[in-house]
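Structural overview
Take a look at the letters that make up each chain.
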Amino acid sequence: MMRRRMAVTLGALAAAASLVIAVPGSAYAAEGVLIVNGQEHKDPSGCYPIDWFPSSVTNHTDAIAEVHSGPGCTGQVEWLVYPGETYHTETAQSVFIL
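Reading guide: rules and limits
Residues numbered from 1 in each chain as written. Predicted model: local features only at pLDDT ≥ 70, side-chain atom pairs only at ≥ 80, totals over all residues. Heavy atoms only, no water. Phe/Tyr/Trp six-rings, centres within 6.5 Å; stacked < 30°, edge-to-face > 60°. Buried < 20%, exposed > 50% of the residue type's maximum accessible area, 1.4 Å probe, protein only. Core = buried A, V, L, I, M, F, W, Y, C linked by side-chain atoms within 4.5 Å. Helix = DSSP H or I, 4+ residues; strand = E, 2+ residues; numbered from the N terminus. Contact = heavy atoms within 4.5 Å. Pairing = 2+ DSSP bridges. Axes fitted to C-alpha atoms, helices over the stretch in contact; angles between N-to-C directions. Disulfide = S-S within 2.5 Å.

**Overview of the packing of aromatic side chains**
One pass over the structure, following the stated rule, counts one aromatic pair. Look at Trp79 and Tyr87: their rings are 5.1 Å apart centre to centre, the planes differ by 5 degrees, and that puts the pair in the stacked class. Overall, Trp79 belongs to the partly exposed group, its relative accessible area being 45%.

**Concerning the nonpolar core**
Core analysis: the largest hydrophobic core is formed by 14 residues, its most contacted members being Leu34, Ile50, Val57, Val67, Val95 and Ile97. Breaking this core down by element, the ones donating at least two residues are strand E1 (32–36), strand E5 (65–68) and strand E8 (94–97). Setting aside chain neighbours within four positions, we find Ile50 in contact with Val36, Asn37, Ser55, Val57, Val67, Thr89, Ala92, Gln93, Ser94 and Val95.

**Some thoughts on the sheet that holds strand E7 (residues 86–89)**
Strands sit in the order E2-E1-E4-E7 across an open sheet of four strands; the sheet is antiparallel. The two strands at the open ends of the sheet, each matched to only one other strand, are strand E2 (39–42) and E7. Strand-to-strand twist in this sheet, taken as the mean axis angle between neighbours without regard to direction, amounts to 15 degrees.

**Some points on the state of the cysteines**
In a disulfide, the sulfur atoms of two cysteines are covalently bonded to one another. All chains considered together, the criterion is met by one disulfide. Linked covalently through their sulfurs, Cys47 and Cys73 form a disulfide whose S-S length is 2.1 Å. What sets the handedness of the Cys47 and Cys73 disulfide is the S-S torsion sign, and at about 105 degrees it is right-handed. Of this pair, Cys47 sits in strand E3 (residues 46–49) while Cys73 sits in the loop between E5 and strand E6 (77–81), and the two are 26 residues apart along the sequence. A residue is classified by how much of its surface remains accessible, and Cys47, at 36% relative accessible area, is partly exposed.

So, in structure tokens, the structure goes:
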């Protein structure tokens, strides 16, 4: 009985491990285009600087873009730009999108 439980447990662990290996890595990019001050970023992922003011962030992706008050996506989130929206700012310094 003990061997059977151990075999079932090991089988379940092996199945779980094979699923982990089969699933692609956690790298993910939004699909679409993020436009920061007229510069297009296709299938963006990560942090983008806002280089001049006044600035605009237009989100034509399937993800929410976070507009941050500090450089390098630090500081407070000033605004959330949902898909299909444009945000104008005179203070933000970076945009993060996953």
